[in-house]
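# Residue-level structure breakdown
For reference, the chains in residue letters:
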Protein chains: 2
Amino acid sequence: MFEKLFENIRKKIVITEREEEICRSLFIPKKLRKRQYLLQQGDVTKYTAFVEKGLLRSYIIDDKGAELIMQFAPEGWWINDMYSAITGEPAEQNIDAIEDSELLLLTTQGYEQLMQEAPVFERFFRLQLQNSFVALQRRLKGNIILTAEEKYKNFIQAYPNIVQRVPQHNIASFLGITPESLSRIRKQMAER
Amino acid sequence: MFEKLFENIRKKIVITEREEEICRSLFIPKKLRKRQYLLQQGDVTKYTAFVEKGLLRSYIIDDKGAELIMQFAPEGWWINDMYSAITGEPAEQNIDAIEDSELLLLTTQGYEQLMQEAPVFERFFRLQLQNSFVALQRRLKGNIILTAEEKYKNFIQAYPNIVQRVPQHNIASFLGITPESLSRIRKQMAER
DNA sequence: AAAAACTCTTGATGTATGTTAATGAAATCA
DNA sequence: TGATTTCATTAACATACATCAAGAGTTTTT
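Below: a short report on this structure. (Residues numbered from 1 in each chain as written. Chains lettered and ligands numbered in written order. Predicted model: local features only at pLDDT ≥ 70, side-chain atom pairs only at ≥ 80, totals over all residues. Heavy atoms only, no water.)

### What to know about unusual backbone geometry
Rules: Where helices and strands are cited, they refer to DSSP runs of H or I of at least four residues and of E of at least two residues respectively, numbered from the N terminus.
A positive phi angle is found at A:Arg35, which is not glycine, with a value near 75°. Looking at the secondary structure, you find A:Arg35 in the loop between strand S1 (28-32) and strand S2 (37-39).

Here it is as C-alpha cells:
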C-alpha cells in the first residue's frame, strides 16, 4: 500500500526506516469509489491526499455555475485544497474521484506532526511546492498566451495518460474552454 | 537595510540572533536603477531577491512578441525565476526594476547554505511557497472565469498601491488583456 | 431490456476582446 | 528647451471562442 508513497518521497529526500515508520503511522489508507467526494465546497479541508491508485480531480464551481478543473491527480500525485488547508477556512474547491481510487490521507494535524517528528519533510514539501508552483506558472502563462488549440496540444503532450482516462469535457474544463470548442478543435486537427 | 527582511521572516517563523547573523552574511545588498535588469531571459538565475525598497517586475516575452507580466514585487516581496532557480536552466523570465530599488540578494548557493546552517528556513520557504501557490491558483482561476472588467476590479481591490505606481499598460499586461481594452474598460467604469 | 443520464458532435448566431491606426499629452532625454 | 520616447485614448473593423439548440451514440441505472 505504501510503495508509491515512499517512491515519491525518495525522489526528493532521503528517509530512514524510522521515518518510514512515522509515515505508516500517520497516513490513513482510504478507498474512494468513482464520483465519491473527498472534499466538498464549504467544508474545511481535513486531509492532504496522496494517490496510490486511481484518479482524482479538484474543481470549483463559479457564480455562473461553470465548472473549472484545477487539477487531475493520478497515481503518485498529491491533491488537496491548499487554501483551505493553510487558512482553516471552508474550501472553495471540490475534490472527487474520477476512477475508483486508493488514497493515503494525512490529516492537517498529522501534517504538522510529521514535520515535528521528521523535520526532513519540511524540505520534502518545500521541494514539492516549488515544482507545483512552477507548473502552475506555466499553466497560467499558457492560459493567457496560447490559443485554445495550442492549449489542447500542450495538454495531450504533457498528460497523454490523462487524455485516455477522462471524458473530453473534463479536459475542456481544465483548459478553460467549452466542450463544444474542444470538439471542433479536435475535428480540425483530424482533418489535417 | 535588513529591517524589512527580518520583519518579513518573523511573520512566519521565529529566528535567533545567530540566525539573523547568518542572514546578514548571506544576503547581498544591491541597488537597481529603474529599467535595470536583475535577470534576463536566457541567463541562468543567480539570485533570489527580497525587495527592501522600490518595485520590480518579472515578465516573459512570448513567440509573438507579446509581453506578460508574471509578478510585481514591491517592498517586502520576494522575486525570482523559480523555474530557472530549481532546474539551473536558462531563465524564461526577465526581471527588472520599475522604480529605483534596493534589494537583498541570496545566491542559489547561499540559499542552500542558509538551509544547512539554519534549517528553520526550510519551513520559512515552505510557508512562503504555500502562500504563493494559493495566490497563483486564485489568479489562474480569475483569469479563466472572469471578464476583463472583473479582472481589473479584482486587481485594484487586491493591489491598490501597485495601481498607483505602474503605467496602465503594465496592469493590462499582468491581467492578460490589451492596453486598449483596459482603457475602454476604465472609460466605461467612469461613465457609470 | 427499457429508461435515464451522460457524452460528443454539429450548425447557426452572438459577443467580448483583439488588431490596426491615428492623435495628443506627458515624461524623459540630450 | 526642444526632441524623443512613452503612455493613454478613441474609432473602425476583425475574430476566436461562447452560447444556444438539436440529435445521436454510449453508458449507467432500475
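### A word on the relation of the copies chain B and chain A
Where we set the bar: Alignment of copies: least-squares fit on C-alpha atoms of residues with pLDDT of at least 70 in both copies.
Under the fitted operation, chain B is carried onto chain A by 0.0 Å of movement along the axis and a turn of 180°, and the coordinates agree to an RMSD of 0.0 Å. Overall, the copies show the geometry of a two-fold rotation axis. No C-alpha of chain B lies nearer the rotation axis than that of B:Arg126, which sits 2.2 Å from it.

### Remarks on the protein's contact with DNA strand D
For clarity, the threshold we go by: If a single non-hydrogen atom of a residue is within 4 Å of a molecule or strand, that residue counts as near it. A 3.5 Å cut-off defines polar contacts: any pair of N or O atoms within that distance qualifies, except that in protein one atom must be a possible hydrogen donor and the other a possible acceptor, and neighbouring residues in sequence count only when both atoms are side-chain atoms. By the convention adopted, Pro, Cys, Tyr, Trp, Phe, Met, Ile, Leu, Val and Ala count as nonpolar, Lys, Arg, Asp and Glu as charged, and the other residues, Gly among them, as polar.
In the vicinity of DNA strand D lie 16 residues, with A:Ala148, A:Ser181, A:Arg184, B:Gln168 and B:His169 positioned nearest. When atoms of DNA strand D within 4 Å of the protein are split into backbone and base, the sugar-phosphate part holds 74%. Measuring from a base oxygen of DNA strand D, one finds a side-chain N or O atom of A:Arg184 at 2.8 Å. Measuring from a phosphate oxygen of DNA strand D, one finds a side-chain N or O atom of B:Gln168 at 2.6 Å. For the surface near DNA strand D, the leading source of residues is helix H9 (residues 179-191) of chain B, giving 4 residues. Its residues assigned to classes, the surface near DNA strand D shows 3 nonpolar, 7 polar and 6 charged.

### Quick notes on the pattern of salt bridges
Put simply, the rule reads: Each reported salt bridge corresponds to a side-chain nitrogen of Lys or Arg within 4 Å of a carboxyl oxygen of Asp or Glu. Each residue gets one of three labels from its accessible area relative to the maximum for its type: buried under 20%, exposed over 50%, partly exposed in between, using a 1.4 Å probe on protein chains only.
Across all of its chains, the model carries 30 salt bridges over all chains by this definition. For the salt bridge of B:Glu75 with B:Arg165, the shortest nitrogen-to-oxygen distance reads 2.7 Å. On the criterion of sequence distance, the pair formed by B:Glu75 in the loop between strand S5 (67-74) and strand S6 (78-79) and B:Arg165 in helix H7 (residues 160-165) is long-range, its members being 90 residues apart. Accessibility expressed as a relative area gives 29% for B:Glu75, which makes it partly exposed. On the basis of relative accessible area, B:Arg165 is assigned to the partly exposed category, the value being 25%. Ionic contacts of the salt-bridge type, sharing partners, join the residues A:Arg10, A:Glu20, A:Glu21 and A:Arg24 into one network.

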